[in-house]
Protein chains: 2
Amino acid sequence: MPESPPDPHRPRAPYMRVLDALTVDIEAGRIQPGERIPSESELCERHGVARETARRAVRVLRERGLVETEWGRGTFVRDPSADQGRESGI
Amino acid sequence: MPESPPDPHRPRAPYMRVLDALTVDIEAGRIQPGERIPSESELCERHGVARETARRAVRVLRERGLVETEWGRGTFVRDPSADQGRESGI
DNA sequence: GGGCATTTGTTCGTATGTATG
DNA sequence: CCATACATACGAACAAATGCC
């Protein structure tokens, strides 16, 4: 690509964009605790990225404790007030 | 691109093989319009692929308008003469 | 009406190959 | 060489509709 788009904002890697979007949605309460966030496939389509990229964003959210993932069901927003007993044993 | 890989073989992805096999069966009339194509599980066993791979092949067939899928029942060959009112605007 | 098998739909977990910077 | 990204593939579990008994 012989072009550098005049981009004053940092390029922000694709997974960062997905991460930002999800974080904002959660912190703004658009996705309530207990609710499911968009599936990986949906994130792929919505942001035009590959599944691995969407997964990376979700993984960061999980590591930050904002969400919990259940196999075959989806990824859900954790309740920040309720200590869901991961560390701090109960 | 420093190199054009001298790759005379096109590996043809697994889902392509399944897709080809189904397409041939349909176009040769071995599966008649209205009839059901093999279930996803059957395609998996027959071709030795995972379900996602079989599903990908079927999805392409559906997008091409050769078949229609009904939840809980199966996937059926469409009648090319009978316009079932999707595309080909008539 | 209920229970069960079949079938498609959905979702996450993991791995591999390729391309690019 | 390595990190990022994409496409494909296989595996496993859950969910829902259908059809038969």
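Let me begin by describing the structure that accompanies this report. In every chain, residue numbers begin from 1 and rise along the written sequence. Whichever chain is written first is A, and whichever ligand is written first is 1; the rest continue in order. Local features in this predicted model are restricted to residues of pLDDT 70 or higher, and side-chain atom pairs are both shown and tallied only at a pLDDT of 80 or more, whereas totals for entire chains, interfaces and linings draw on every residue. Side-chain metrics rest on all non-hydrogen atoms present in the structure, leaving aside hydrogens and water.

**Focus on the side chain of B:T75**
Residue and element names in this part refer to chain B.
Phase 1 of the analysis: A helix here means a DSSP run of H or I that spans at least four residues, while a strand means a run of E at least two residues long, and both kinds are numbered starting from the N terminus. Examined against the element boundaries, T75 turns out to sit in strand β2 (residues 74–77).
Phase 2 of the analysis: Burial classes follow relative accessibility: with a 1.4 Å probe on protein chains only, a residue under 20% of its type's maximum area counts as buried, one over 50% as exposed, and anything between as partly exposed. On the basis of relative accessible area, T75 is assigned to the buried category, the value being 10%.
Phase 3 of the analysis: Among the polar contacts listed, one links the side chain of T75 to the side chain of T69, at a separation of 2.8 Å.
Phase 4 of the analysis: A contact between two residues is defined here by any heavy atoms of the two lying within 4.5 Å. Setting aside chain neighbours within four positions, we find T75 in contact with E35, R36, I37, V58, V67, E68 and T69. Polar contacts, as counted here, are pairs of nitrogen or oxygen atoms within 3.5 Å of one another; within protein the pair requires one atom able to donate a hydrogen and one able to accept it, and residues that are adjacent in sequence qualify only if both atoms are side-chain atoms.

**Brief notes about the pattern of salt bridges**
Phase 1 of the analysis: Any Lys or Arg side-chain nitrogen found within 4 Å of a carboxyl oxygen on Asp or Glu counts as a salt bridge. Enumeration according to the criterion identifies 13 salt bridges over all chains in this entry.
Phase 2 of the analysis: Two residues, B:R56 and B:E52, come together in a salt bridge whose shortest N-O distance is 3.2 Å. Taken together, the residues span about one helical turn, with B:R56 and B:E52 both in helix α3 (residues 51–63) at a distance of four residues.
Phase 3 of the analysis: A relative accessible area of 33% means that B:R56 is categorised as partly exposed.
Phase 4 of the analysis: Relative accessible area serves as the criterion here: at 51%, B:E52 is assigned to the exposed category.
Phase 5 of the analysis: Here the salt bridges do not stand alone but share partners, grouping A:E40, A:R51 and A:R55 into one network.

**What to know about the protein's contact with DNA strand D**
Phase 1 of the analysis: In these notes, residues near a molecule or strand are those with any non-hydrogen atom within 4 Å of it. Around DNA strand D, the surrounding shell holds 25 residues, and the nearest of these are A:P14, A:T53, B:P14, B:Y15 and B:T53.
Phase 2 of the analysis: Within the backbone of B:A50, a nitrogen or oxygen atom sits 3.0 Å from a phosphate oxygen of DNA strand D.
Phase 3 of the analysis: Where the surface near DNA strand D is concerned, the elements lending two or more residues are α1 (14–27) and α3 (51–63) of chain A together with α1 (14–27) and α3 of chain B.

**Topic: helix α2 (residues 40–47) of chain A**
Residues lying three or four places apart along an α-helix face the same way, a consequence of the helix completing one turn every 3.6 residues.
All names here are of chain A.
Phase 1 of the analysis: Among the residues making up α2, those that are buried are L43, C44 and H47. Along the axis of α2, the buried residues cluster in a sector spanning 105°; they form a single face. What points out from α2, more than 90 degrees from its buried face, is the exposed set E45 and R46.
Phase 2 of the analysis: Close packing links the buried residues of α2 with α1 and α3. By arc we mean the arc of the directions from the helix axis to the C-beta atoms, nothing more.

**Structural notes on the protein's contact with DNA strand C**
Phase 1 of the analysis: In the vicinity of DNA strand C lie 25 residues, with A:E40, A:R55, A:W71, B:R51 and B:W71 positioned nearest.
Phase 2 of the analysis: Each atom of DNA strand C within 4 Å of the protein belongs either to a base or to sugar and phosphate, the latter forming 62%.
Phase 3 of the analysis: Between DNA strand C and A:R36 there is a distance of 3.1 Å, counted from a phosphate oxygen to a side-chain nitrogen or oxygen.
Phase 4 of the analysis: Between DNA strand C and the protein, one listed contact pairs a phosphate oxygen with a side-chain N or O atom of B:R55 at 3.0 Å.
Phase 5 of the analysis: Elements with a minimum of two residues in the surface near DNA strand C: α3, β1 (67–70) and β2 (74–77) of chain A together with α3, β1 (67–70) and β2 of chain B.

**Quick notes on the nonpolar core**
Phase 1 of the analysis: Residue types Ala, Val, Leu, Ile, Met, Phe, Trp, Tyr and Cys, when buried and joined through side-chain atoms within 4.5 Å, form a set referred to as a nonpolar core. Counting 17 residues, the largest nonpolar core has B:L22, B:I26, B:I37, B:L61 and B:V67 as its most contacted members.
Phase 2 of the analysis: Residue assignment for this core shows that the elements contributing at least two residues are α1, α2 (40–47) and α3 of chain B.
Phase 3 of the analysis: Once residues lying within four places of it in the same chain are set aside, the contact partners of B:I37 are B:I31, B:V58, B:V67, B:T75 and B:V77.
Phase 4 of the analysis: Formed by 16 residues, the second largest nonpolar core is a distinct cluster that contains A:I26, A:A54, A:V58 and A:L61.

**Points about the packing of aromatic side chains**
Phase 1 of the analysis: Pairing of aromatic rings covers Phe, Tyr and Trp, the last through its six-membered ring, and needs centres within 6.5 Å; plane angles under 30 degrees mean stacked, over 60 mean edge-to-face, and all others mean tilted. For the coordinates displayed, the defined rule picks out zero aromatic pairs over all chains.
Phase 2 of the analysis: Above the plane of the ring of A:Y15 lies A:R56, whose end atom (NZ or CZ) is 5.8 Å from the centre. For a lysine, the NZ atom is tested; for an arginine, the CZ atom; a charge sits over a ring if that atom is within 6 Å of the ring centre and within 35 degrees of the ring normal.

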